[in-house]
Number of protein chains: 2
Amino acid sequence: MAATISDIARKAGVSLATVSRVINKSPAVSDKSKKKVESAIKELNYIPSAYARGLSRNQSNIIGVIVPEISNPFFSEVIDGISSVADRQGLNVLLFNTDENIEKEARAMRILQEYRIRGLIITPVTGNNEYDKKYVEMFENMNLPIVLVDRNIKNSNFDGVYFDDKAALYKITSLLIENGHKDIALLAGNPNHVIAQKRIEGYQDAFEAADIKPYPQNILAGDFTIESAYQLTKHLILTHRIPTAFIGMTNMLSMGCLKALSEFNIAIPEEVAFIGYDRLAMHDILHLNLTLVEKDAVDMGRKAAGLLIDKINGKSTSSNRFILMPELLMRGSEKYPLRNPNERTFTEK
Amino acid sequence: MAATISDIARKAGVSLATVSRVINKSPAVSDKSKKKVESAIKELNYIPSAYARGLSRNQSNIIGVIVPEISNPFFSEVIDGISSVADRQGLNVLLFNTDENIEKEARAMRILQEYRIRGLIITPVTGNNEYDKKYVEMFENMNLPIVLVDRNIKNSNFDGVYFDDKAALYKITSLLIENGHKDIALLAGNPNHVIAQKRIEGYQDAFEAADIKPYPQNILAGDFTIESAYQLTKHLILTHRIPTAFIGMTNMLSMGCLKALSEFNIAIPEEVAFIGYDRLAMHDILHLNLTLVEKDAVDMGRKAAGLLIDKINGKSTSSNRFILMPELLMRGSEKYPLRNPNERTFTEK
DNA sequence: GTGAAAGCGCTAACAA
DNA sequence: TTGTTAGCGCTTTCAC
């Protein structure tokens, strides 16, 4: 059995209260008592119980972090950012991975409440529109500081750190249009998701602003996996034609699309233009000088944690929502292609 | 204030014990009481306190997970594997990221002890040989089920899930030698680390077995970052010559090396052979058909969690150590190059 | 500067 | 099947 505070008190010849004061660095303790207590602590290798403390203070040091896909680099970087800030504040991170699964999410939320967490940082599972309405109730019932990351909940307005994806798509699309593109494919993920909808809007708005009609079949709908983007791109190449430009709506979708392009040896930017999301190590490594929207996940995590901590401390200022504006990193892959790859014939590998 | 068990008892007109029984699914409760309790729970939105339960049971449901670099895909996948298994067992994951920093690691360990965790899964910080000795004491003093992942501690023998990196390097190097290579550069990370040492041994043993003397300057020592591998490769190319083959000892080192090769437009496998670690999405995407050692991080995480749970349950079988044997994924990049890039002149970009 | 004692919310042994 | 009660280890008031 681990040593308890009374073991220390007995050993040091003082009361429980004094030991507690030493542990909590209360100034009102004589140096002599303090010394005695400290050496007893060392001797018995005493480590206070988070449970006893939590119970008696009726408060925890835990924040909950719920992500939908921990092995996605975006989220592991978000966690990195959160964890570094939380650490500095003496808050500990209880982590849950939902795998985009609503039941898992609900279970995680429940468990976190058992831990009486101080606050919650969550990227909610998406794709179930029915469920979206329940979030609002659920979150409000929890009566807990909550910060969302990257995904807002439909028809609601929770505090959080978001990225203006609509603006990003608008910017990307406009840039391409300015470069002479009209035939622009969009790897659009699952269009039932808010994520996708906002971005598609941005894409369409840019066309509208330029007074051009986009080809509806250029919006390649599927899900958010690499595989889906890969298949859709391949299908487009084999059965239709190759547009002059591709847009990857997320890093996963970009990867799938790039994979297909590479498989057919379609060169960027000589044969097609490409603009994606997120700077990935692989781009640099391969000298793929892609023009990109930069989305700094670590920073988003840090900001989310900062926001949460402010809320925990009641420092809820006017701005409890960060909406990060997209910046384009221009590297040339937006240019109108020199050659038209449609003159070649493509057959399944 | 959250509702407590006594609120429920009062509301349901039963005793605390009965409520507790219902919560813990004890069978010895009449249907009638059960119903009453359950509806009271629902009505008051009662959620038991993990602290009170932990204190009274003197036990937690938490396992600690300590990784040195959460944004490294290897570790986020390990966490993915751990978390999926832990979840199924009703264990919650308290996560710490040490950033390869010993102080942070010590702090994490301390906090985890405050939570009276059931067990610990850790990839210890490396690089400080002095400190390595302390681990043994520290871990043994904690008297806690501990499972290491990927890194063992020097001169010790902790349970864990390891990968036989020495065998991997032996296999890689032998394969290259069989293909006619003699001039093989090894991106070796920091040779003070156990990780690096074992692998260098494998490399050297393969040469010895083939009765060839390796060039000492082909062991490129630095640290484990992409940048370090990039600089070392670049330096080798500019100041010495280009070997016929490169080996990346970790995925990070491979990336740095590939980046430099790509910068000089040195083609794989036409001009140099390359063998790396870990299948990364980028390889597929870019049709870099690299021959690789496969290291399944998610699986290592799952195995680690399985091992830990067995230890927690006292099912410590004979094998509390997994040493995964490397498998080579052969894709052609091991071949002896067709052209000799040394005939070109290389200048800094 | 120090100590006694009540209480945090729950479990579990015991009694009924 | 149910209830009573004594803790679990700590914090915190209050009195000294």
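Keep in mind the model is a prediction, meaning the values are calculated, not measured.

Each side of the interface is counted separately: chain B has 51 residues, and chain A has 51 residues. At the boundary of chain B with chain A, total buried surface from both sides reaches about 4700 Å², with 61% on carbon and sulfur atoms. Remark: the boundary between chain B and chain A carries zero salt bridges. Applying the counting criterion to the chain B and chain A interface returns 16 residue pairs in polar contact (both at pLDDT 80 or more). Every element with two or more residues in the side of chain B that touches chain A is listed here: helix H4 (50–57), helix H5 (73–88), strand E2 (92–97), helix H6 (102–114), helix H11 (251–263) and helix H12 (281–285) of chain B.

We now examine the protein's contact with DNA strand D. In the vicinity of DNA strand D lie 24 residues, with A:Ile5, A:Tyr46, A:Ser56, B:Arg21 and B:Ser33 positioned nearest. Taking the atoms of DNA strand D that fall within 4 Å of the protein, sugar and phosphate contribute 66% of them. Interatomic distance of 2.8 Å between a backbone N/O atom of B:Ser15 and a phosphate oxygen of DNA strand D. If one sorts the elements of the surface near DNA strand D by residue count, helix H4 (residues 50–57) of chain A sits on top with four residues. Of the residues contributing to the surface near DNA strand D, the split by class is ten nonpolar, ten polar and four charged.

Let's shift gears to the protein's contact with DNA strand C. By nearness alone, 24 residues border DNA strand C, and A:Arg21, A:Ser33, B:Ile5, B:Tyr46 and B:Ser56 come closest of all. Counting only atoms of DNA strand C within 4 Å of the protein, the sugar-phosphate share comes to 68%. At 2.8 Å, a side-chain N or O of A:Thr18 approaches a phosphate oxygen of DNA strand C. At a separation of 2.3 Å, a sugar or linking oxygen of DNA strand C approaches a polar side-chain atom of B:Ser56. Considering every element that reaches the surface near DNA strand C, the biggest residue donor is H4(B), with four residues.

Here we come to helix H10 (residues 226–239) of chain B. Residues and elements named next belong to chain B. With 14 residues, H10 should cover 20 Å at 1.5 Å per step; its first-to-last C-alpha distance of 20 Å lies within 8% of that length. For H10, the set of buried residues is Ser228, Ala229, Tyr230, Thr233, Lys234, Leu236 and Ile237. Tucked into the core, H10 has its buried residues touching strand E6 (184–187), strand E7 (219–220), strand E8 (245–248) and H11.

For the rest of this paragraph, the subject is the nonpolar core. Counting 135 residues, the largest nonpolar core has A:Ile121, A:Phe246, A:Leu261, B:Ile63, B:Ile121, B:Phe246 and B:Leu261 as its most contacted members. Those residues in contact with A:Phe246 that lie beyond four places of it in its chain are A:Ala185, A:Leu187, A:Thr233, A:Leu236, A:Cys257, A:Leu261, A:Val272, A:Ala273, A:Phe274 and A:Ile275.

Right, let's talk about the packing of aromatic side chains for a bit. A complete count under the given rule lists eleven aromatic pairs over all chains for this structure. Aromatic side chains A:Tyr51 and B:Tyr115 sit 6.5 Å apart centroid to centroid with 90° between the ring planes, which places their arrangement in the edge-to-face category. Linking A:Tyr51 in helix H4 with B:Tyr115 in the loop between H6 and strand E3 (119–122), this pair reaches from one chain into another. Of the two residues, A:Tyr51 and B:Tyr115, both sit in the buried class. Between A:Phe163 and A:Tyr277 the ring centres are 6.1 Å apart and the planes differ by 65°, which places this aromatic pair in the edge-to-face class.

Taken domain by domain, chain A holds domain 1 (5–48), domain 2 (62–163 + 297–325) and domain 3 (165–295 + 329–343). A separation of 38 Å is found between the C-alpha centroids of domain 1 of chain A and domain 2 of chain A.

This brings us to the relation of the copies chain B and chain A. Between chain B and chain A, which share one sequence, the superposing operator has a rotation angle of 180° and an axial displacement of 0.0 Å; the RMSD is 0.1 Å. The transformation just described matches what one would write down for a two-fold rotation axis. Mapped onto chain A, 100% of the interface residues of chain B are again interface residues, and the two copies thus contact each other with one and the same surface.

Turning next to the pairing of E2(B). The two faces of a sheet get side chains in turn, since along a regular strand they alternate between them. Within E2(B), six of the six residues are buried, which leaves the element mostly enclosed by the surrounding structure. Burial along E2(B) is two-sided: B:Asn92, B:Leu94 and B:Phe96 facing one way and B:Val93, B:Leu95 and B:Asn97 facing the other are all buried. Taken together, the three bridges between strand E2 (residues 92–97) of chain A and E2(B) define a ladder with antiparallel strand orientation. Directly across from A:Leu95, in E2(B), lies its bridge partner B:Val93. In the sheet, strand E1 (residues 62–67) of chain B pairs with E2(B) via six bridges, with the strands oriented parallel. Across the sheet, B:Ile62 pairs through a bridge with B:Asn92, a residue of E2(B).

The rules behind the values
- Along every chain, residues carry numbers that run from 1 in the direction the sequence is written.
- Numbering of ligands from 1 and lettering of chains from A proceed in the order in which they are written.
- The model is predicted, so local features are restricted to residues of pLDDT at least 70 and side-chain atom pairs to those at 80 or more, both for listing and for counting; the totals for chains, interfaces and linings are taken over all residues.
- By convention in this description, side-chain values take in all heavy atoms of the structure and omit both hydrogens and water.
- It only takes one pair of heavy atoms within 4.5 Å for two residues to be counted as in contact.
- Throughout, the accessible surface (probe 1.4 Å) given up by two parts as they are put together, summed over both, is called the buried area.
- Should a side-chain nitrogen of Lys or Arg be within 4 Å of a carboxyl oxygen of Asp or Glu, the pair is scored as a salt bridge.
- By the criterion applied in these results, polar contacts are pairs of N or O atoms within 3.5 Å in which, for protein atoms, one can donate a hydrogen and the other can accept it, and in which residues neighboring in sequence qualify only through two side-chain atoms.
- Helix and strand definitions here come from DSSP, where helices need a minimum of 4 consecutive H or I residues and strands a minimum of 2 consecutive E residues; each element is numbered from the N-terminal end.
- If a single non-hydrogen atom of a residue is within 4 Å of a molecule or strand, that residue counts as near it.
- Polar here means any residue other than Ala, Val, Leu, Ile, Met, Phe, Trp, Tyr, Cys and Pro, which are nonpolar, and Asp, Glu, Lys and Arg, which are charged; Gly is therefore polar.
- To estimate how far a helix should extend, the number of its residues minus one is multiplied by 1.5 Å.
- Each residue's exposure class comes from its accessible area (1.4 Å probe, protein chains only) as a fraction of the maximum for that residue type: buried when under 20%, exposed when over 50%, partly exposed otherwise.
- To qualify as a nonpolar core, a set must consist of buried Ala, Val, Leu, Ile, Met, Phe, Trp, Tyr and Cys residues joined through side-chain atoms within 4.5 Å.
- For this analysis, a ring pair means two rings from Phe, Tyr or Trp (six-membered ring only for Trp) whose centres lie within 6.5 Å, classed as stacked if their planes differ by under 30 degrees, edge-to-face if by over 60, and tilted for the remaining angles.
- As annotated, the domain borders come from an automatic or database domain assignment.
- For the least-squares superposition of copies, only C-alpha atoms count, and only for residues with pLDDT at least 70 in both.
- Pairing between strands is defined by DSSP: at least two bridges between the two strands are required.

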